[in-house]
4 protein chains.
Amino acid sequence: MPDVVFSVDQSRSMRDQAVPGHNRWHPDIPPAATVRPGDEFRMECREWTDGQIRNDDSANDVRDVDLDRCHMLSGPVAVEGAEPGDLLVVDILDLGPVPQEQGEVAGQGWGYTGIFSRANGGGFLTDRFPDAYKAVWDFHGQKATSRHVPGVEFTGITHPGLFGTAPSHDLLARWNARERALIATDPDRVPPLALPPLEDGVLAGALSGEAAAEVGRTGARTVPPRENGGNHDIKNLSRGARVFYPVHRPGGLLSGGDLHFSQGDGEITFCGAIEMGGFIDLRVDLIKGGMETYGVTTNPVFMPGDTEPRHTEFVSFIGISVDHDSDTNHYNDATLAYRNACLNAIAYLEKFGYSPEQAYLLLGAAPIEGRVSGVVDIPNACCSLYLPTAIFDFDIRPSASGPRWADRGSCATAS
Amino acid sequence: MPDVVFSVDQSRSMRDQAVPGHNRWHPDIPPAATVRPGDEFRMECREWTDGQIRNDDSANDVRDVDLDRCHMLSGPVAVEGAEPGDLLVVDILDLGPVPQEQGEVAGQGWGYTGIFSRANGGGFLTDRFPDAYKAVWDFHGQKATSRHVPGVEFTGITHPGLFGTAPSHDLLARWNARERALIATDPDRVPPLALPPLEDGVLAGALSGEAAAEVGRTGARTVPPRENGGNHDIKNLSRGARVFYPVHRPGGLLSGGDLHFSQGDGEITFCGAIEMGGFIDLRVDLIKGGMETYGVTTNPVFMPGDTEPRHTEFVSFIGISVDHDSDTNHYNDATLAYRNACLNAIAYLEKFGYSPEQAYLLLGAAPIEGRVSGVVDIPNACCSLYLPTAIFDFDIRPSASGPRWADRGSCATAS
Amino acid sequence: MPDVVFSVDQSRSMRDQAVPGHNRWHPDIPPAATVRPGDEFRMECREWTDGQIRNDDSANDVRDVDLDRCHMLSGPVAVEGAEPGDLLVVDILDLGPVPQEQGEVAGQGWGYTGIFSRANGGGFLTDRFPDAYKAVWDFHGQKATSRHVPGVEFTGITHPGLFGTAPSHDLLARWNARERALIATDPDRVPPLALPPLEDGVLAGALSGEAAAEVGRTGARTVPPRENGGNHDIKNLSRGARVFYPVHRPGGLLSGGDLHFSQGDGEITFCGAIEMGGFIDLRVDLIKGGMETYGVTTNPVFMPGDTEPRHTEFVSFIGISVDHDSDTNHYNDATLAYRNACLNAIAYLEKFGYSPEQAYLLLGAAPIEGRVSGVVDIPNACCSLYLPTAIFDFDIRPSASGPRWADRGSCATAS
Amino acid sequence: MPDVVFSVDQSRSMRDQAVPGHNRWHPDIPPAATVRPGDEFRMECREWTDGQIRNDDSANDVRDVDLDRCHMLSGPVAVEGAEPGDLLVVDILDLGPVPQEQGEVAGQGWGYTGIFSRANGGGFLTDRFPDAYKAVWDFHGQKATSRHVPGVEFTGITHPGLFGTAPSHDLLARWNARERALIATDPDRVPPLALPPLEDGVLAGALSGEAAAEVGRTGARTVPPRENGGNHDIKNLSRGARVFYPVHRPGGLLSGGDLHFSQGDGEITFCGAIEMGGFIDLRVDLIKGGMETYGVTTNPVFMPGDTEPRHTEFVSFIGISVDHDSDTNHYNDATLAYRNACLNAIAYLEKFGYSPEQAYLLLGAAPIEGRVSGVVDIPNACCSLYLPTAIFDFDIRPSASGPRWADRGSCATAS
């Protein structure tokens, strides 16, 4: 096991750790540890809400979650010699839930998937699913099952939802400017178009007092992916992946967390992955001047992992960029197309006895593939969703004998 | 070899075949052939432009292509017993270029990929690539190479870009209404938001005179995918795939064409696949009442093929929904995110010596994967593009030793 | 389609072709065609018995087959510039059954798998299966089904059973010496230990009279693989494979045939593949002096194809080197271990209603994987056999609810 | 993490554990723990030699290893309700090296591969490699590298080499009879044909005194696989695999160990895997009467794991059943054929700068595939060995430019 350079006591909040992490992106958060190119090291991580969600049968915790303190990140880790313009090479050697422990915090033998309330976070299909729901998943080695979504068992494609380097002051200012401009187009929208900096709930690593407050006032929220990496939620950044992050600050200042036991492409319920705390083992290196050399001006480049669960049989669903409820055409809108593919999959799964919420939770958590299929056939973008047949303990393929309906219980709901 | 129920003489236009096909979707186009559930049969297909593109080093033909006559489809084939509400089960047994022939028409030993001019069709990246370009690909069994994009050889994931059933009159009316409404929001846009029905250039199978003109005036253009299937451009509808099409008219009336030797997810250059004429062998069956039974209200469901070219190593690119030129944020726009992933891949490939146009043509034609990665992390949708490393005859992975630049020639340009 | 350098009229014996092939390995058989490095070309092939087996429900033809005339090979093709010591690079671009034809010869829309009689050829399990049986397979694009083995449909991993270069006189003499020495250890064995040269039934390409007779008297039989390649029956030499054959004679003199629509590892019924005539498209090149450069002193090296049917779920069987009937231990005998793995699979499939012969035929033809698992754990070698679950239209996995027995008909038997 | 039902303190010998394991198969060794069908539990394991091999640069420890005490197994675990004739269903949920520890025992951050001396164990190629050699491998998450075999890094296909149920007295007697009969055919052979029961070094769990001595005198050695499972060394019994073991004794009495971080098919150096201590998490269930129901009379049946490292490009080597040194033909001998495939791979790798011993060690440890290709083409069995190209940090494919030779150091040797 490599040395732990960022440790977490899972019985405490990230705020109360010996060396606390942070929940905003800001260039001035000091490194919690320093490593050298070639080093291998472990970072321990809290579950992204800092432990607000419980292993029970009520979704009240999801409904009432305090999002101002999310995501709780571990780091930053400085890499000696990293300079702006370099590419920081990060090998994901291993990751997983909290080792050797069963307990009350997600990651201690279990995780959860949440459908967030429209009034508090929302999600990809929030117009159709405005209320809060939850599924708790039990871990069995690499596999997961849920009492809230019976009839499925699948191998997780374990990955960190969120890792990135610190932004420069200039880059941070650009983020704030462009996101505020977007918010200004519809400032009262629920859910909001974007999240502006917020002093409430800020955690800024070793900083405190005014320095921390300044991070709150100007630091970028951690929800979206940006030029530093960030909350990619790319399920294929799994074990064995190599990521090349742009370096914007001396030392690179790598932070991350939001570990997922599994996730489908899109993480469609917002909190669609199986969320957990745990550990991640990394190895870092540098490509000096790599941003210019490889033409990396915005987002990271990566090579995916090589041990994802193998599936070869899928039932696949198609969506196009039409609002079918109102028969309204949207131009080449891949987001809408994928939303329709998801709705088509949910309608299909209902025929087997799942509630729409169960189906939605499943599509967020299981290793489904979401593909941009056609984006040039005006006016209809086309996306497709591949649902592996092997994760079900019954046959979900279409046939002349019809679907095998059964009572499949229910997920956790809010009171 | 199964019986040929729709035959094509590749030396003639689709208009001049013994039994002509059609280039509009309309419920009244009579079947060209009738088959029974369980039957296996072959349909021969013209290349989608009906042979306008040549195997040469000029993109003038792409620039000047007459799109009013596209796509030239084979069919319709009626299936005995098919009724509205059924699912038409279509197994893709085999497909390929024109057998046993070398010649002047795409599909006779070669195919092409085109970047269409902004003034005549456009494409996914038309703002960046407003002019016409072309790459000609030579077929070597299942593999393709191009004198216009040297240094790559890949196995094609051969598939039909376009197959579908006939719409009902009601469904057709809804398509026309919603697409006209979209066009009306910006009627003079170049390229247009959508294509309305058009009498010019119409081909309506066995219909002629006023009946054919009526098909032109009210028939839907073939460019987008819709509730009948249509121009999905889903590369995984390859050999071995099974597709479940909604039936909207008695007999189902299956038509298709637009065969692709290969294509990347998105078909990003508009004519981004390697286009060809050829043949397709199908087997059909019915799930009576399957639309209701399986909750299929809009698009087809499918199971993908099982012999796609295997790749396990990829260099992957990420895009988010930000216009980086103007630093403008767009809300959760997966189309923009995928566009940025494509642009990031192009910038990367330039470092190895490809022109931007060559890189763009390659991404359209090679079996790249385009994934909807995160669509809930407001405001930035995240898409990713997986480029298989094995298709290059040099190492394209990032490393400290830098990219291996070489003079890689040029694609075909317009004069 | 590449030029045909060796053509076959499937209505005639290989003996009666315009340019006949050959059925012995001999350095003096003159080339039927000459190509250059870099050339792509097609060779047409007869089914290996030259058309003795019929599409019917009797195995009398298998029982009585004349093996003296097997295998009927196409070629030789000389490659300009090839010299002894070179490696001949052969890309398998495409192959398949006889194009565009349905007919009476295997390869014209159908193929067969045979269990040979112990008295005439035998096979891997001939002690258990001494009589002749046959299954006829119908081709549906890339898939095969059989009226003799109902309940399965699978995608073929199409490949040539046999390709190789001509031996030198010296190499041929060594083959004859070592095989005669083996035969001499048990000259009356049924089936024989090996097949010596035989004048009866010889076909020597363009040679006739005494020259052909000499080929018969000294030429090597085509059954085994040897240093020139030969009858490898490696199913992964499929489309997209690249093979590096040692060159022993000027021009290399490449010959082959014995095309298989599908085969399991081991080709366990002797004629265990789905046998067919058809075509193969090749591209050749040379690595000058490659045998020494790469240390290739005996057998070819290859890179497998990249479009084999993907399977991820298997029921797997284990065998060890014990004769369980007599409880006799054999030392580290992988052949016996694999034989036991096959017998274990057959016993398992019987529980689902297949006759032992059907199961045996299926294991020969379907794309099963046969692995050398442990060969050092004295005294018991361990081999394993991976049977893909997806090829069955019922669930063959072990479960507490027991196997789903059904009447599954019977294969063709001898009268 | 599931409950630990068999725990190991890695600083002590298996003999000195609170509850010791055993190193012989015998029906009378009492269970160390009891579980119920459906239970999940962890077993901790010692490295197979009980810690005799060190992380250093000398192979003296391999040369002098005491094999009488091998393999040190954890267990037995009794399963409530298991009766002879049942199938014991074992799901491999997870396994890995010793968690959270770096240390001096294999499994504590490192493992080793050994070539055993001919005089003390031998191996698959002992005639060619009669002396002892060793490679130490460092673990980096799922990947391994070795200072003794530079230039390669690969993801391990982690698995237990050895698991099985207790034999009945009758079955044990049959094993002893047949193995003694084999030994009697050449009792002085070095290495021996098989290993008879041996009182020296016996460890019999909780038994001691005369009871333990009796286990030594009559218990079966653990080296070979047999009807109870045993030392299969099947690399695909990895995470996610489900194994169906025959039950011969009440409670089943499941024992195992010999964990491997990685292994190639065949485990060709005898100690060819990357050996380690560690943990394995299992879930058990029963199929009552399953042996008869599924026709399982000898060896276990299994379904392989679903997260093995994915590889698609291979350089593959062929071997046939000829002794090429003496030009002697052996009849259909798959063991010899695979041996030749291994020798051909070694000769090839030498051209890139590896010593033969390094190449041999690599083929034992890396996830190579060994296939039974053709076993009916008399007299020459044909086996093939697939070496993944992606594990090398240089290009190992054959090409006209020749192999890239480099000084690649050396493995550990004996003094």
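Criteria and thresholds
What you see as residue numbers is a count from 1 along each chain, following the sequence as written. As a convention, the first chain written is A and the first ligand written is 1, with the rest following in written order. Local features in a predicted model are, by the rule used here, given only for residues with pLDDT of at least 70; side-chain atom pairs are given and counted only at 80 or more, and totals for whole chains, interfaces and linings are based on all residues. Helix and strand labels come from DSSP, where a helix needs a run of H or I of at least four residues and a strand needs a run of E of at least two; each type is numbered from the N terminus. Counts of 20 or more other C-beta atoms within 10 Å of a residue's own C-beta define buried residues, counts of 12 or fewer define exposed ones, and intermediate counts define partly exposed ones; C-beta atoms are placed from the backbone. We call two residues in contact when the distance between their C-beta atoms, placed using the backbone, is within 7 Å. All amino acids are sorted into three groups, where Ala, Val, Leu, Ile, Met, Phe, Trp, Tyr, Cys and Pro are nonpolar, Asp, Glu, Lys and Arg are charged, and the leftover types, Gly among them, are polar. The copies were overlaid with a least-squares fit restricted to C-alpha atoms from residues scoring a pLDDT of at least 70 in each copy. Axis angles are defined between N-to-C directions and span 0 to 180 degrees, where every axis is a line fitted to C-alpha atoms and, for a helix, only to the segment in contact. Each angle gets one of four labels, with under 35 degrees taken as roughly parallel, over 145 as roughly antiparallel, 65 to 115 as roughly perpendicular, and the rest as oblique. Each crossing gets its handedness from the near helix: less than a right angle anticlockwise from the far helix is left-handed, clockwise is right-handed. The split of the chain into domains comes from an automatic or database domain assignment.

- By the naming in an unreviewed UniProt entry, chain A goes by Formamidase and is assigned to Nocardiopsis composta.

1. Structural notes on the overall build of chain A
Alright, step 1. A count of helical and extended segments in chain A gives six helices and 23 strands.
Alright, step 2. Referenced to the eigenvectors of the C-alpha coordinate spread, the extents of chain A come out at roughly 65 × 50 × 40 Å.
Alright, step 3. Across the 415 residues that make up chain A, the buried fraction comes to 66%.

2. Points about the interface of chain C and chain D
In many analyses, interface size is given as the accessible surface area lost on bringing the parts together.
Alright, step 1. Contact residues are listed per partner, giving 88 residues for chain C and 88 residues for chain D.
Alright, step 2. A total of eight residues in the side of chain C that touches chain D trace back to one element, the largest contributor, which is helix 5 (residues 334-350) of chain C.
Alright, step 3. Taken together, the residues of the side of chain C that touches chain D break down into 44 nonpolar, 27 polar and 17 charged.

3. Some remarks on the relation of the copies chain C and chain D
Alright, step 1. With an RMSD of 0.0 Å, the fit of chain C onto chain D corresponds to turning through 180° and sliding 0.0 Å along the axis. Each copy turns onto its partner about a two-fold axis. In terms of C-alpha distance to the rotation axis, chain C has C:Arg371 as its closest residue, with the C-alpha 2.2 Å off the axis.
Alright, step 2. The residues that chain C uses at the interface reappear at the interface of chain D in 100% of cases, marking a shared surface.

4. Here we look at the relation of the copies chain D and chain B
What connects the two chain copies is a rotation about an axis and a shift along it.
Alright, step 1. Once turned by 180° and shifted 0.0 Å along the axis, chain D lies on chain B with an RMSD of 0.0 Å.
Alright, step 2. Take the interface residues of chain D: 100% of them recur as interface residues in chain B, which is what a same-surface contact looks like.

5. A word on the interface of chain D and chain B
Alright, step 1. Taken together, the five residues of chain D in the interface contact five residues of chain B.
Alright, step 2. Of the residues belonging to the side of chain D that touches chain B, the class tally is one nonpolar, two polar and two charged.

6. Details of the packing of helix 5 of chain C against helix 6 (residues 356-365) of chain C
Residue and element names in this part refer to chain C.
Alright, step 1. Across the interface, helix 5 lies against helix 6 with an axial gap of 9 Å and an inter-helix angle of 125°. If you check the angle between helix 5 and helix 6, you find them oblique. Regarding helix 5 and helix 6, the two cross each other, and that crossing is right-handed. Contact residues: Cys342, Ala345, Ile346, Leu349 and Glu350 in helix 5; Pro356, Ala359, Tyr360 and Leu363 in helix 6.
Alright, step 2. Per-class residue counts for the contact of helix 5 with helix 6 are eight nonpolar, no polar and one charged.

7. With respect to the environment of C:Gly370
Alright, step 1. The residue C:Gly370 is located in strand 21 (residues 369-374) in this model.
Alright, step 2. For C:Gly370, a count of 30 C-beta atoms within 10 Å puts it in the buried group.
Alright, step 3. C:Gly370 has contacts with C:Asp265, C:Gly266, C:Tyr338, C:Cys383, C:Leu385, D:Arg371 and D:Val372, leaving out every residue within four places of it along the chain.

8. Structural notes on the environment of A:Asn344
Alright, step 1. Its location among the elements puts A:Asn344 in helix 5 (residues 334-350).
Alright, step 2. Linking A:Asn344 and A:Thr298, residues 46 residues apart in sequence, is a C-alpha distance of 34 Å.
Alright, step 3. In this view, A:Asn344 contacts A:Phe317, A:Ile318, A:Gly319, B:Thr298 and B:Asn299; residues no more than four positions away in its chain are not counted.

9. Comments concerning the environment of B:Ala412
Residues and elements named next belong to chain B.
Alright, step 1. Looking at the secondary structure, you find alanine 412 in strand 23 (residues 412-413).
Alright, step 2. Along the sequence, alanine 412 and aspartate 56 sit 356 residues apart, while their C-alpha atoms lie 7.9 Å from each other.
Alright, step 3. Excluding anything up to four places from it in sequence, alanine 412 contacts Asp57, Ser58, Ala59, Tyr133, Lys134, Ala135 and His148.

10. Describing the domain arrangement of chain A
All names here are of chain A.
Alright, step 1. Segmenting chain A into domains produces domain 1 (3-303) and domain 2 (314-413).
Alright, step 2. A straight line from the C-alpha centre of domain 1 to that of domain 2 covers 27 Å.
Alright, step 3. Listed per partner, the contact involves 32 residues of domain 1 and 26 residues of domain 2.
Alright, step 4. Secondary structure elements with two or more residues in the side of domain 1 that touches domain 2: strand 6 (110-115), strand 7 (133-140) and strand 15 (270-275).
Alright, step 5. When residues of the side of domain 1 that touches domain 2 are assigned to their parent elements, the largest contribution, four residues, is made by strand 7.

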